[in-house]
Amino acid sequence: MSQVKKEEIRAGTEEFRGARSKPLLECSRLASVYFKNYFREVEERAAQGEPVIWLQVDCPQEICHAMGLPVFYPMHYSALMAAKQMSPYYLNIQNQRGYFRDLCRYCGHALGCVWDHKSEIAPWGGPPKPAAVVVATFDDPIAKVYELFAREYNVPMFVIDRTMWSNFPSRFWEDPEIEPHRLEWEVEQYEGLIAFLETITGKTLTETKLRQVVDSSNQQFGYFIKAMNMVAGTVPCTITVADHMPNLICTNYFRGTEWALEHARRFYEEIKERVGKGLVACENEKIRLGWEGAAPWFSPGFLNAFEEKYGAVFVWLGYITGLENFVRLNYSDPLTALASRYLEYLAWVSHFPPTACSYYLHMAKKYKLNGFVFLVAESCKALTASMRFIQRELQAAGIATTEITGDIVDAREWDDTKARSQVASWIETLLT
Amino acid sequence: MYVVGIDMGSVAAKVMIMGDNDEVLSYVVADAKPDAEALAKRLMNEALEQAHLRSEDISYIVSTGYGRVNVPFAAENRTEIMCHALGVYHLFPSVRTVIDIGGQDSKCIRMDDKGRVQNFVMNDKCAAGTGRFTEVMGRALDISFDRWGEVVSSAPRRARISNVCTVFAESEVISKMTEKVPLNEILAGVCEAIVTRVIQMIQRMGAVEKDVAFTGGVANNKGVAQILAEKLGVDLFIPKIPQSTGALGACYLAKRFVARAAGIR
């Protein structure tokens, strides 16, 4: 019955069906499989009474991994809901409940599923009940969204009060110094978080285990950096963003775990093999493009749509980037290493000019990009606010840009024909 | 050599056949239909009949427009940006900016002295500033499209239409009618609202470069054309059949493909 109901919902809410992306790597398939298996594992552990922690992606998940806690990421689940073509259904539920349409949809999307209370139709059976939720202050609505999660399940919430750079470093990817008082404050927050988690879950964190996880995560990101450096150097490119997405994004949710380290190594080896054999993603490559923002998760295949006809290949995804900053070495204790990671993370995810502008220019040159497409997701102020500044910087350097309006998860506002036409028109101007 | 350009727009489909000397032998238009492929075939047959040609006489077909992929018998398809630019370039070689306002979308194209597109902008998902907006307003005011020019010219002032949304603007227009604001002033205000919206879009591309062409179905609307020319401070180049530039450009593109193939041989 549930399959029929799901299909009814999908058929009733939209005629448009998103396109799947076309990854080339075996790793990409494995990453997707792992995520689904992990979700099942979390469900089983929750069913057996283990406490599950809901985390926003910019929170120190390494602490949870070191404590052996099962974790769930509403943001990842939001992407899954969109990929299952159910975002119109759930977003309508949110809007009916008073969730204003122009509020963040990507990070807040899981609310629709939580409020619907219908596990029989929810993707993968719906989210596991949390024992607690953890969020860091960032864009306006996110803490409120997590508060709503906490209220819905009547569980406690921990808020990491994250500080902002007072002077954004212009080349943050070169490991600028973080103000000591900010580091101290962040570490203090983590100590509070650990105490909170230990109280809620009854589990204990040891420094040894945390150090091991942080070291593993450093190695994990080290592999990705080496792999992506190889990718940047290949012309035609050896993989496209269709392979970045599952590998970089999926492992980003498992920082420092055994699986993530092993997967990162596997990813590196597979890239190395492809480069060694001269394997390319698109024989016909004529134009190398960057995509800014997350892919439209209801149609990630959009990013492969211009290869066959135009040889236009999306080589770089400006989403999970700043990998260099994820590697935190030369710290005396793992908590300070983590604190510095997340404060650095804040520098690129904030997309503030001039730092974001110089970063995108740096990556455009590194990946030899001819142009950039900006997905202007009007509900995501954090990602979109600085897009015009970044575009101007790129244009001044002779790199073409264009923007299309859409949303990362909301298929209701996506005109696929128009979006393809717009990008195709722009590509045609680059080719003539 | 005979070539065909097919513009499958969101509101209207157009087919043009062009001869050896760039003469237009036939041009047919019909409202867009759900079965775009069948429509394209029917219009193709009508165009052939009008030109006294058979399908075997055609050397190359290029399709463009929103529904360009729904023309399976086209040898190639290209986006409307490129085709509109090319069409206008052949009509008015001095033009560097094309403002195209169609039934459901509006766009502005900047091109160089060889008709190559340098930059373009399109409207977002909103219908304000498109032909749809003019239809709604024309109905509300009960003034037919072909009379807008004379009515707008007669207005001593323009009512201010502050809403950017088509639906809310219609309500605003009705309110003004209730307040006995003269219809010509309301209509002039409507035209100004359309032009303002279009100019905001154009400004995303930077300053307007002369000469400027105005194409698309709304270019037939003399009221909008008047105010657009006034606000831009230019004389607009308007084709005799403003909706035809997409199909025209597709014809010229078809000729290029034929020439390229011949050059290879």
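Because the structure is a prediction, the values reported are computed rather than measured.

Draft legend 1. Geometry of the pairing of strand 3 (residues 24–31) of chain B. Residue and element names in this part refer to chain B. Pairing geometry for strand 2 (residues 12–18) and strand 3, over 7 bridges, is antiparallel. In the strand pairing of strand 3, alanine 12 is matched with aspartate 31. Connecting strand 2 to the next strand, strand 3, in antiparallel fashion are 5 residues, including aspartate 22 with a positive phi near 65°.

Draft legend 2. Spatial organisation of the environment of B:Met111. Residues and elements named next belong to chain B. Relative to the assigned elements, methionine 111 resides in strand 7 (residues 106–111). Assessed through the 25 C-beta atoms surrounding it within 10 Å, methionine 111 is described here as buried. Considered as a pair, methionine 111 and alanine 155 are 44 residues apart in the sequence and their alpha carbons are 35 Å apart. If we ignore the near neighbours within four places in the chain, the residues touching methionine 111 are Ala85, Tyr89, Arg96, Val98, Arg116, Val117 and Gln118.

Draft legend 3. Looking closely at the sheet that holds strand 4 (residues 58–64) of chain B. Residues and elements named next belong to chain B. Read from one edge to the other, the open sheet built from 5 strands follows the order 3-2-1-4-5, with strand pairing classed as mixed. A strand with exactly one partner marks an edge of an open sheet, and here the two such strands are strand 3 and strand 5 (76–77). The pairing of strand 4 with strand 5 spans 2 bridges and is classified as parallel. Considered in strand 5, the bridge of serine 63 is made with asparagine 77. Across the sheet, helix 1 (residues 36–51) touches strand 1 (2–8), strand 2 and strand 3, and the angle it forms with strand 3 is around 145°.

Draft legend 4. Focus on the domain arrangement of chain B. Residues and elements named next belong to chain B. Here the domain parsing of chain B yields domain 1 (1–92 + 241–265) and domain 2 (94–238). The straight-line distance from the C-alpha centre of domain 1 to that of domain 2 is 27 Å. Contact with domain 1, which involves 15 residues of that partner, is made by 25 residues of domain 2. A per-element tally of the side of domain 1 that touches domain 2 places helix 2 (residues 80–91) first, with 7 residues. Taken together, the residues that form the side of domain 1 that touches domain 2 break down as 10 nonpolar, 5 polar and no charged.

Draft legend 5. Main features of unusual backbone geometry. Put simply, A:Val235 and A:Pro236 share a cis peptide bond, and its omega is -5°. Along the polypeptide, A:Pro236 turns up in the loop between helix 9 (207–233) and helix 10 (241–252). With an omega of 0°, the peptide bond running from B:Lys210 to B:Asp211 counts as cis. Positionally, B:Asp211 belongs in the loop between helix 6 (183–203) and strand 9 (212–215). Here the phi dihedral of A:Asn154 falls at roughly 55°; this positive angle occurs in a residue that is not glycine. Summarising the element assignment, A:Asn154 is placed in the loop between helix 7 (142–153) and strand 4 (157–160). In this structure A:Asn154 comes out as exposed when scored by C-beta crowding, with 7 C-beta atoms within 10 Å. For B:Asp22, which is not a glycine, the phi torsion comes out positive at approximately 65°. Summarising the element assignment, B:Asp22 is placed in the loop between strand 2 and strand 3.

Draft legend 6. Geometry of the nonpolar core. Ranked by internal contacts, the top residues of the largest apolar core, which has 136 residues, are A:Ile53, A:Ile63, A:Val134, A:Phe224, A:Leu289 and A:Trp297. The element contributing the most residues to this core is helix 9 of chain A, with 9 residues. Look past the residues within four positions of A:Trp297 in its chain and what remains in contact with it is A:Ala79, A:Ala82, A:Ala83, A:Ile408 and A:Val409. Within the second largest apolar cluster, 80 residues are counted, among which are B:Val4, B:Ile161, B:Leu187 and B:Ile194.

Draft legend 7. Local environment of the packing of helix 9 of chain A against helix 11 (residues 258–277) of chain A. Residues and elements named next belong to chain A. As a packed pair, helix 9 and helix 11 sit with axes 8 Å apart at the nearest point and diverge in direction by 15°. Relative to helix 11, the element helix 9 lies roughly parallel. The two elements helix 9 and helix 11 meet at a crossing, and its hand is left-handed. The segment helix 9 lies against helix 11, with Ser216, Gln219, Gln220, Tyr223, Phe224, Lys226, Ala227, Met230 and Val231 engaging Ala260, Leu261, Ala264, Arg265, Phe267, Tyr268, Ile271, Lys272 and Val275. Of the residues belonging to the contact of helix 9 with helix 11, the class tally is 12 nonpolar, 3 polar and 3 charged.

Draft legend 8. Layout of helix 1 of chain B. Residues and elements named next belong to chain B. For helix 1, built from 16 residues, the straight-helix expectation of 22 Å at 1.5 Å per residue is met to within 8% by its first-to-last C-alpha distance of 22 Å. For helix 1, every residue scored as buried is listed here: Leu39, Ala40, Leu43, Met44, Ala47, Leu48 and Ala51. Buried residues of helix 1, seen end-on, are gathered within an arc of 165° and therefore sit on one face of the element. Facing away from the buried side of helix 1, by more than 90 degrees, are the exposed residues Ala38 and Glu49. Against strand 1, strand 2 and strand 3 lie the buried residues of helix 1.

Parameters at a glance
Residues numbered from 1 in each chain as written. Chains lettered and ligands numbered in written order. Predicted model: local features only at pLDDT ≥ 70, side-chain atom pairs only at ≥ 80, totals over all residues. Pairing = 2+ DSSP bridges. Helix = DSSP H or I, 4+ residues; strand = E, 2+ residues; numbered from the N terminus. Buried ≥ 20, exposed ≤ 12 C-beta atoms within 10 Å, placed from the backbone. Contact = placed C-beta atoms within 7 Å. Axes fitted to C-alpha atoms, helices over the stretch in contact; angles between N-to-C directions. Domains from an automatic or database assignment. Nonpolar A, V, L, I, M, F, W, Y, C, P; charged D, E, K, R; others polar. Core = buried A, V, L, I, M, F, W, Y, C linked by C-beta atoms within 7 Å. Parallel < 35°, antiparallel > 145°, perpendicular 65-115°, else oblique. Left-handed = near helix turned anticlockwise from the far one by under 90°. Expected span 1.5 Å × (residues − 1). Arc of directions from axis to C-beta.

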